[in-house]
Each structure stands twice: as C-alpha cells, then as structure tokens.
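Understanding the architecture of this molecule
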Amino acid sequence: MPQKVIGVLVSGTGSNLQAIIDAIESGTIDARIALVIADRPGVFALERAEKHGIKALCIDRKGKDAAALNAAILEALDEAGVDLVVLAGFLSILDARVVARYKNAIMNIHPALIPSFCGEGYYGMRVHEAAVRYGVKVSGATVHFVDEGMDTGPIILQECVNVYHTDDAHTLAERVLEAEHKLLPEAVRLFVNGCIRVEGRRVIICEEGNGR
Ligand code: GAR
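Presented here is an overview of the structure given in this document. What you are looking at is a predicted structure, and each value in this text was computed from that prediction instead of being measured. (Residues numbered from 1 in each chain as written. Predicted model: local features only at pLDDT ≥ 70, side-chain atom pairs only at ≥ 80, totals over all residues. Heavy atoms only, no water.)

**Considering the sheet that holds strand β5 (residues 106-110)**
- Taken in spatial order, the seven strands make up an open sheet running β3-β2-β1-β4-β5-β6-β7, and their pairing is mixed. Looking at which strands have only one partner, the edges of the open sheet turn out to be β3 (55-58) and β7 (155-162). The sheet shows a mean angle of 20° between the axes of neighbouring strands, taken without regard to direction.
- Across the face of the sheet, helix α1 (residues 15-25) comes into contact with β1 (4-10), β2 (31-38), β4 (84-87) and β5 while running at roughly 160° to β2. (Pairing = 2+ DSSP bridges. Helix = DSSP H or I, 4+ residues; strand = E, 2+ residues; numbered from the N terminus. Axes fitted to C-alpha atoms, helices over the stretch in contact; angles between N-to-C directions. Contact = heavy atoms within 4.5 Å.)

What follows is the structure in structure tokens.
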C-alpha cells in the first residue's frame, strides 16, 4: 500500500503538529506530511515544519474573503495529493466544498469534551475559561471528523482530564494539551492504518485488540 499523505492546517504554536511529526519520525505513524498550511504569517508552527524539512505555506486569511481562502487551501491540498487533512489548532472555517472534497478525511482536535464547550466562539483559551467558569469536574480533548457544522462531526477519540478547584484556564489548558498530544497522533495512526469506519454519526475503530 502506498504511504498515506497528510496535510496539516495550523494557526498558532503547532505543538499538536509537533506531536504528529514526532510520531512519524519515531515510526509510530507510517505516513508523510506533504505540507503544512498556516492561515496567518509568522506562526511558530511554520517554523516547526521547516525545521523538519516539511513544505510550509502561509495562505494569509487577511484580505481574503472565506471563499478565496478556502479555494486557495483546497488548491494547495489537492496539488499535494493529500489523503488526510489534520486541523491542528486551525482557527479558520473550512467551507462545504473543502468538506465535501475530503469527506471523513479531515480531522480536528478540540480542547474539550464535545458536545461541551464547542461551536461558535469556543476556541483556544476561551474553551478552558468557559470550562473553569462553569465548574465542570472533568474536561478533556476530542478528535473528530469535520463536517459542515462547527465541531459537529463524528467523534473519533476522546480523553478526559480532571479539573481541580485550584485550576485556572492556563493550568487546565496545559493538562488538556498533554492529552491532545497523545490523542491526535493516535487518531492519525488509526486513520493511516485503515482502522476507522464511519457509520452515520458513529466512528467504529476496527483495529484488532482495540476495545474502543
Ligand atoms: C489546541 O489546544 C487545540 O485543541 C486548539 O488550539 C490549540 C492549538 O495548540 N484548537 C481549537 O481550539 C479549535 N477549536 P497548538 O497550536 O500548540 O497545537
């Protein structure tokens, strides 16, 4: 089987991108990242990609409407021949054309247990601020396929973390990020190995010996 090709979309630091790069370099994931696209210039994720010899592209959202941004992203992904698109802290919205082109082949990491603290306005630190404010005792990370809605696609993997009364958004973010760095590479590995099947809203992990 030919090696699967991955495109990663980022908007920030790229620690989740790094977790995927590390899993590929250690041999845990048998795939190749063909390109990393950032929707804003100067983000550290682009530096990380370059450092590892991965093509790093900035398609600046500034000065573009959503249709132009999406068209440019779609063209770059198609040109690179990607099988899987990973949103690793990507804050722009992919439109219906991109989602249809890569149906059940775009995964997103969200820093909460969907369907809590997700959707419009819930991204980055805002998610953790809301979780702490609400007083939940557990939060976590979710990897899901991207559909036309916001954080509404089929859930692939989730992991819980405790929330303590001493937490603020930053301490919680740190704990969740640790879970993200395990969860996202694992979801990518399962996809690349052909172990994921989608039935309606439900994702079936069909790897032998995997009890999920
Ligand atoms: C991560 O916590 C990710 O879950 C979150 O942005 C952060 C990016 O960190 N994504 C969202 O909030 C999307 N709704 P990173 O750039 O270090 O990977």
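**Here we look at helix α6 (residues 169-192)**
- Given a rise of 1.5 Å per residue, 24 residues ought to cover 34 Å, and the 33 Å separating the end C-alpha atoms of α6 matches this to within 8%.
- Its side-chain oxygen 3.0 Å from the backbone nitrogen of His170, Asp168 forms the N-cap of α6.
- In the segment just after α6, Gly194 is the residue with positive phi, at about 70°. (Expected span 1.5 Å × (residues − 1). Polar contact = N/O pair within 3.5 Å; in protein donor to acceptor, adjacent residues only side chain to side chain.)

**Overview of α1**
- Counted residue by residue, α1 has nine buried out of eleven residues, so it is predominantly covered.
- Turning to α1, its buried residues number three or more, namely Ser15, Asn16, Leu17, Gln18, Ala19, Ile20, Ile21, Ala23 and Ile24.
- Packing partners of the buried residues in α1 comprise β1, β2, α2 (44-51), β4, β5 and α6.
- After α1 finishes, the residue Gly27 shows a positive phi value of roughly 90°. (Buried < 20%, exposed > 50% of the residue type's maximum accessible area, 1.4 Å probe, protein only.)

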